[in-house]
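Single-letter residue listing:
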Amino acid sequence: MSLKRTARFYLIRFKRLQGSSRSLAMGSAIGAAVGVTPTLPLHNVIILSLTLPLRVNPIAGILAANVVSNPLTFVPQYYLAWKIGNFFLPGRLSWEKILHTLNLLKTQGLMDSLDVLRAMGWDALLVMLTGGLTLAAPTGFLTYVLVFRFFSGVREKRRQKHLLNNKTA
């Protein structure tokens, strides 16, 4: 499937979501913010645990996270999270340590790979989460603003179309 076709598919699915502009925008903002954090296997769990108690649209959150966090964006996101985290916590996770770990992962089996990742320790986790959470705040805010405007425009177009249809009937 082409990238253009995939983007169109997500846009159509997104437009069809039900709920208020606020609920859809807040769900999307949470999803995008979680999507840029280095918590990949837990994205959906985190999104659901935040959107459901807040009574905002969880489907919008999951869709937004999939748009923001996908195989095309993993490497730049993790690199940026490392750079930002390393800025705030210098020296805890060097590029040499990352390269050494990647080389070990290439040669190890699954269980040995988990041990290698575990050996990176709390410093690596702290650096990556610091960078990811720093990215999450502006990403969530920007997503909220853009999605709120998008759905407000969609709602207005539907309202205008409905008024026009009622006048001609």
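Above this note sits the structure.
Cut-offs and rules
Residues numbered from 1 in each chain as written. Predicted model: local features only at pLDDT ≥ 70, side-chain atom pairs only at ≥ 80, totals over all residues. Heavy atoms only, no water. Axes fitted to C-alpha atoms, helices over the stretch in contact; angles between N-to-C directions. Helix = DSSP H or I, 4+ residues; strand = E, 2+ residues; numbered from the N terminus. Parallel < 35°, antiparallel > 145°, perpendicular 65-115°, else oblique. Left-handed = near helix turned anticlockwise from the far one by under 90°. Contact = heavy atoms within 4.5 Å. Nonpolar A, V, L, I, M, F, W, Y, C, P; charged D, E, K, R; others polar. Core = buried A, V, L, I, M, F, W, Y, C linked by side-chain atoms within 4.5 Å. Buried < 20%, exposed > 50% of the residue type's maximum accessible area, 1.4 Å probe, protein only. Salt bridge = Lys/Arg side-chain N within 4 Å of Asp/Glu carboxyl O. Phe/Tyr/Trp six-rings, centres within 6.5 Å; stacked < 30°, edge-to-face > 60°. Patch = residues over 30% accessible without salt bridge, like charges linked within 9 Å, V, L, I, M, F, W, Y side chains within 5 Å. Areas by Shrake-Rupley, 256 points an atom, 1.4 Å probe, with all protein chains shown as cover.

## As for the packing of helix α1 (residues 3-15) against helix α4 (residues 58-68)
Part 1 of the argument: One can describe the packing of α1 onto α4 by two numbers: an axis separation of 11 Å at closest approach and a directional angle of 165°. Of the possible angle classes, the one that applies to α1 and α4 is roughly antiparallel. Handedness of the crossing formed by α1 with α4: left-handed. The segment α1 lies against α4, with Y10, R13 and F14 engaging A60, L63, N66 and V67.
Part 2 of the argument: Of the residues that constitute the contact of α1 with α4, the class distribution is 5 nonpolar, 1 polar and 1 charged.

## Digging into the nonpolar core
Part 1 of the argument: By size, the foremost hydrophobic cluster in this structure holds 13 residues, and its most contacted members are W82, L93, M128 and L135.
Part 2 of the argument: In terms of residues, this core owes the most to one element, helix α7 (residues 110-168), which gives 6 residues.
Part 3 of the argument: Discounting chain neighbours no more than four positions away, the residues touching L135 are V36, Q77, L80, A81 and I84.
Part 4 of the argument: Core analysis: the second largest hydrophobic core is formed by 8 residues, F14, L17, L24 and A25 among them.

## Concerning the environment of I47
Part 1 of the argument: With respect to the secondary-structure elements, I47 resides in helix α3 (residues 43-54).
Part 2 of the argument: Residue I47 is classed as buried on the basis of its relative accessible area, which comes to 0%.
Part 3 of the argument: Each C-alpha atom of the pair I47 and Q18 lies 18 Å from the other, and the pair is 29 residues apart in sequence.
Part 4 of the argument: Those residues in contact with I47 that lie beyond four places of it in its chain are G31, V34, P58, G61, I62 and A65.

## Brief notes about the pattern of salt bridges
Part 1 of the argument: According to the stated counting rule, one finds 2 salt bridges in the structure shown.
Part 2 of the argument: Here R92 ties to D123 by a salt bridge, and the two come within 3.2 Å at their closest N and O atoms. Pair noted here: R92 is in the loop between α5 (74-88) and α6 (95-107) and D123 is in helix α7, with a separation of 31 residues, a long-range link.

## Section: the packing of aromatic side chains
Part 1 of the argument: Scanning all chains against the criterion turns up 9 aromatic pairs.
Part 2 of the argument: An angle of 75° between the planes, with centres 5.7 Å apart, marks the rings of F9 and Y10 as edge-to-face.
Part 3 of the argument: On the basis of relative accessible area, Y10 is assigned to the partly exposed category, the value being 25%.
Part 4 of the argument: Judged by centre distance (5.9 Å) and plane angle (15°), the rings of Y144 and F148 are stacked. Here Y144 and its partner F148 are both found in helix α7, 4 residues apart, which amounts to about one turn of the helix.
Part 5 of the argument: With relative accessibility at 25%, the residue Y144 sits in the partly exposed group.
Part 6 of the argument: You can call F148 partly exposed: its relative accessible area is 33%.

## Section: a nonpolar patch on the surface
Part 1 of the argument: On the surface, a cluster of nonpolar side chains totalling about 370 Å² of accessible area is made up of Y79, W95, L99 and L102.
Part 2 of the argument: No other element matches α6, which puts 3 residues into the nonpolar patch.
Part 3 of the argument: As for its position among the elements, W95 is in helix α6.

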